[in-house]
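Spelled out from the first residue to the last, the chains are:
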Amino acid sequence: MTVEEFRYSTKNALHPVAYASIKAMHTRLEMVLVDMAEDAARALCEAVETDTSEMERRFSRHEAAAALTVVNMRGGREAVGVDDELFMALELCEAFRRGTEGYFDITACSDCAGVGVRAGYALDAAAHTVRLYGAGTLLDMGGFAKGYALERLRRRVADSGVTQAVLNFGDSSIAAIGHHPYGEWWPVGVGASVGQPSVAHEFRLRDSALSVSGRGRGGEYHIFDPHSGERVVREETVVVEGRSALVCEVLSTALYAAPDSRRKSIISRYEGYAATVLRCGATGGCKVRRVE
Amino acid sequence: MDRKEFLKDCGRMGLAGWVLSIFPWLESCSDRTRQEVQGEKARIGIIGTGSRGLFHIQHLLQMPQVEVTALCDDYTPHLEDAAQYYPSAKLYSDYRRLLEDRNVDGVIIATPLYLHAPMTLDAMEAGKRVFCEKAMAYSQEDCLRVYNRRKELGAVLFIGQQRLFDPKYIKAMSMIHEGRIGDVVGVRNYWYRNNNWRRDVPSPELERRINWRLYSEYSRGLMTELACHQLQNGSWSIGMLPEQVMGSGHLVHWTKEDKRDVFDTVSAIFTYPNGVNMTFESIISNKHFGMGEQILGSQGTIDLVSGLIYSDEPMPKGSGIHQLVTQIENGIMSNSVFAGTSWAAETSPLAPGLPIMPNVTVNTGESTIGAEADGSKEIIEAFANAVITGRQPEKILEESYYASQFALLADRAMHENRILTLDDRFKVPYEPIRNRA
């Protein structure tokens, strides 16, 4: 993996800006960094690429050597030892499962309907092992990894001294540092539909994050309801804003999967997070509703 | 674009105008046509009541606008089987007598291949609206004869290429034409089974009548019985016709127990004017890989059989976030639209593909009679509606014609061991199905 594109512009002498893109986690991570020297920006992008690559290896379920792949292969038969970071991530996932009434579940993709209402795996803190419940259980951290990575990368960028930046993971997970150099926030419009420039709703990020869940850009239904084991077929988009990119990612997935009647109860447990539901018609007109 | 329209089967499709503009033949099963035929009856006669004829009957029984008034088969047990479903239908052993029946407006022909052309021609001459199973005819010459005569008579003629009416194929082709997988760079088709392709024969003198598929006197084997369906994927996705075809066919396995003389193993390559190849392979002594139809694009792949899309590229580079950079360069701030749901198709070759629509029904290709939810019901309903309206759907006949022509051309290429092109005399006007400039 390498930095796919790096551009540095000094067209605005007051605010030089760097743009970089990296292919990662089956999508693309884009960064806009303001007021940073070119060499430092380039070095930061390379460090971000290294971090992302390392996290992708850790959380991928497709790479033979990845730790998660080993868990999926052997975890149904025996307890499998994992390193600190994966163990912590699995602890977090289980906490989020309980904190979303089971609508966020990293085992939701496996052949085990109803798994959302009970744990799909057991962690042994003393032995640092994980054991899957049932041979059919698989862990898929796709709904967690982007948010987790974005959270870590946001910290790395902020720690490097950057005070104004946007990190965009596949357009669906965005983290902002500071604000736009010519405004009080970073304006982020969620599109009404694919290929249309019209905005369904504008969100304002300032040292905060945003995550969008719904049908894929091609209309694919790729989110599972952990309770039923079925794909969620719902003609709406859920956007969650808040401090942490990881929590936003988890909540947007859970709230899209959850029925409307459960959403308020779930989001109310997370102080400082807000959810918005967008229902857009074919011609671009959208109804926007806050979950409250 | 309202993709929701694709989520329902044809009978409930409520097709939007843009869909009809791309796939005009679907007008025959649109809500508008359904309303038009409400209260009307399509009086249908079925010629050939063997396994495929009975398969159609199961669908016809579900259609209130259909009245089956006549049945015909020269093999009495088959005729009696069908008569159980329609006790009041008039029974015939000679299809020409059925064609004289004034209570029949349209006929469904489900007979051996060598009878398709003569029966279709006779039925059109008798003023009937016609649905005939694929392939269109036993020979290239007969295909042309049927095509031209239909044009002269202005008759309604459907050929049983049911994928044209299968919602998941319609959705997939629409996505391909939108450029979702980039440029089409290859088309792979295969159909593997492991059975002798035989039907039980009550007495030896009926062998060739019942097992007509196995004898070249009546059938062109795997190319007309199976390939015909899949070859259509090439022209439908690429939007042009093959320039040449080469192939190899042999009788490899099923040689000991019978005297069949059609190939049980075939492989063909069709090359399009832009250099893209479409392959077809069929073996009926190994079923491991089943049936497959894959459109390979420069940015992704669509598996037509499973209704799954796979991506080679993560996502287009975002113009929205580039706007942010431009704004900063120009010292301004305005709204940047770039957030949305994820570009979800994963790029890992090991990743499961994403369904192009919910509730995709996968046809394994194992059945030698027909599969559920593969467009068979929809095409028959569309035909029943056309029997009432008298309207020939656009483009459907040309797609069917060329699927048959190229299946037959490939069969010739195998027998002659040559690379062949379609003779100019067999070319009829062809307008590709495209919605992309």
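Here the structure is shown first, and the text comes after it.
What you see is a predicted model; the values in this text were computed from it and never measured. (Residues numbered from 1 in each chain as written. Chains lettered and ligands numbered in written order. Predicted model: local features only at pLDDT ≥ 70, side-chain atom pairs only at ≥ 80, totals over all residues. Heavy atoms only, no water.)

Draft legend 1. Examining the overall build of chain B more closely. Of regular secondary structure, chain B possesses 13 helices and 15 strands. In chain B, which comprises 437 residues, the share counted as buried stands at 61%. Restricting the contact set of chain B to residue pairs at least 6 apart, pairs at least 24 apart contribute 74%. With the model as given, the accessible surface of chain B reaches about 17200 Å², and the carbon-plus-sulfur share is 47%. (Helix = DSSP H or I, 4+ residues; strand = E, 2+ residues; numbered from the N terminus. Buried < 20%, exposed > 50% of the residue type's maximum accessible area, 1.4 Å probe, protein only. Contact = heavy atoms within 4.5 Å. Areas by Shrake-Rupley, 256 points an atom, 1.4 Å probe, with all protein chains shown as cover.)

Draft legend 2. Summary view of the packing of helix α4 (residues 142-159) of chain A against helix α5 (residues 245-257) of chain A. Residues and elements named next belong to chain A. Closest axis-to-axis distance for the α4/α5 pair is 7 Å, and the angle between their directions is 160°. On the basis of the axis angle, α4 is roughly antiparallel to α5. Every pair of crossing elements has a handedness; the one defined by α4 and α5 is right-handed. When α4 is examined against α5, the residues Gly-143, Phe-144, Lys-146, Gly-147, Tyr-148, Leu-150 and Glu-151 are found in contact with a partner set consisting of Ala-245, Leu-246, Glu-249 and Thr-253. Residue composition of the contact of α4 with α5, grouped by class: 5 nonpolar, 3 polar and 3 charged. (Axes fitted to C-alpha atoms, helices over the stretch in contact; angles between N-to-C directions. Parallel < 35°, antiparallel > 145°, perpendicular 65-115°, else oblique. Left-handed = near helix turned anticlockwise from the far one by under 90°. Nonpolar A, V, L, I, M, F, W, Y, C, P; charged D, E, K, R; others polar.)

Draft legend 3. Seen up close, the pairing of strand β13 (residues 274-280) of chain A. Residues and elements named next belong to chain A. Judged by how many residues are buried, β13 sits mostly within the fold: 5 of 7 residues are covered. Pairing geometry for β13 and strand β14 (residues 286-290), over 5 bridges, is antiparallel. Bridging from a neighbouring strand, Leu-278 pairs with Val-288 of β14. (Pairing = 2+ DSSP bridges.)

Draft legend 4. Spotlight on the sheet that holds strand β3 (residues 27-34) of chain A. Residue and element names in this part refer to chain A. In space, the 9 strands of this open sheet follow the order β1-β2-β3-β7-β8-β11-β12-β13-β14, with antiparallel pairing throughout. Every interior strand has two partners, whereas the edge strands, β1 (3-9) and β14, have only one. In this sheet, adjacent strand axes meet at a mean angle of 15° when their direction is disregarded. Two elements, β1 and strand β2 (residues 17-24), share 6 bridges in a ladder whose sense is antiparallel. Looking across to β2, one finds that Glu-5 is bridged to Ser-21. Along the sheet face, helix α1 (residues 38-59) touches β1, β2, β3 and β7 (165-169) and points at about 155° away from the line of β1. Sitting on the sheet, helix α6 (residues 260-267) is in contact with β12 (237-242), β13 and β14, with an inclination near 155° to β13.

Draft legend 5. Spatial organisation of the packing of aromatic side chains. Scanning the entire structure with this criterion turns up 17 aromatic pairs over all chains. Judged by centre distance (5.0 Å) and plane angle (55°), the ring pair of B:Tyr114 and B:Tyr218 falls under tilted. Here B:Tyr114, found in helix α6 (residues 113-125), pairs with B:Tyr218, found in the loop between α9 (207-210) and α10 (222-238); they are 104 residues apart in sequence, far enough to count as distant. A relative accessible area of 35% places B:Tyr114 in the partly exposed class. Taken together, the ring pairs in this structure connect B:Tyr147, B:Tyr401, B:Tyr402, B:Phe406 and B:Tyr430 into an aromatic cluster. Over the ring of A:Trp185 we find A:Arg204, and its NZ or CZ is 3.8 Å from the ring centre. If you follow B:Arg208 out to its NZ or CZ, it ends over the ring of B:Tyr215, 4.4 Å from the centre. (Phe/Tyr/Trp six-rings, centres within 6.5 Å; stacked < 30°, edge-to-face > 60°. Lys NZ or Arg CZ within 6 Å of the ring centre and 35° of its normal.)

Draft legend 6. Structural context of helix α13 (residues 396-416) of chain B. Counted at 1.5 Å a residue, the expected span for α13(B) with its 21 residues is 30 Å, and the 30 Å between its end C-alpha atoms agrees. In the stretch just after α13(B), B:Asn417 is the one whose phi turns positive, near 55°. (Expected span 1.5 Å × (residues − 1).)

Draft legend 7. Summary view of the pairing of β2(A). All names here are of chain A. Within β2, 7 of the 8 residues are buried, which leaves it mostly tucked inside the rest of the structure. The pairing of β2 with β3 spans 8 bridges and is classified as antiparallel. In the sheet register, Ser-21 faces β3, and the bridge partner there is Glu-30. Counted along the chain from β2 to the antiparallel partner β3, the turn is 2 residues long, and its residue Met-25 has a positive phi close to 50°.

Draft legend 8. Local environment of the sheet that holds strand β13 (residues 308-311) of chain B. Residues and elements named next belong to chain B. Strand order across the open sheet formed by 8 strands is β8-β9-β10-β7-β11-β12-β13-β15, with mixed pairing between neighbours. The sheet terminates laterally at β8 (244-250) and β15 (354-355), the two strands that pair on one side only. Inspection of the sheet shows β13 paired to β15 by 2 bridges, in the antiparallel sense. Note that in β15 the partner of Ile-309 across the bridge is Leu-354. Helix-sheet contacts for helix α8 (residues 167-177) involve β7 (184-192), β11 (291-297), β12 (300-303) and β13, and the interaxial angle to β12 is about 165°. Set on the sheet, α10 makes contact with β7, β9 (265-271), β10 (277-283) and β11; between it and β7 the angle comes to about 160°.

Draft legend 9. Main features of the packing of helix α7 (residues 140-153) of chain B against α13(B). Residues and elements named next belong to chain B. Two numbers describe how α7 lies on α13: the axes approach to 9 Å, and their chain directions differ by 165°. Between α7 and α13, the angle falls in the class roughly antiparallel. Along this stretch, α7 crosses α13, giving a crossing that reads as left-handed. Judged by residue contacts, Gln-140, Cys-143, Leu-144, Tyr-147 and Arg-150 of α7 engage Leu-397, Glu-398, Tyr-401, Ser-404, Gln-405, Leu-408, Leu-409 and Arg-412 from α13. Grouping the constituent residues of the contact of α7 with α13 by class yields 7 nonpolar, 3 polar and 3 charged.

All we've got here are geometric facts, nothing functional implied.
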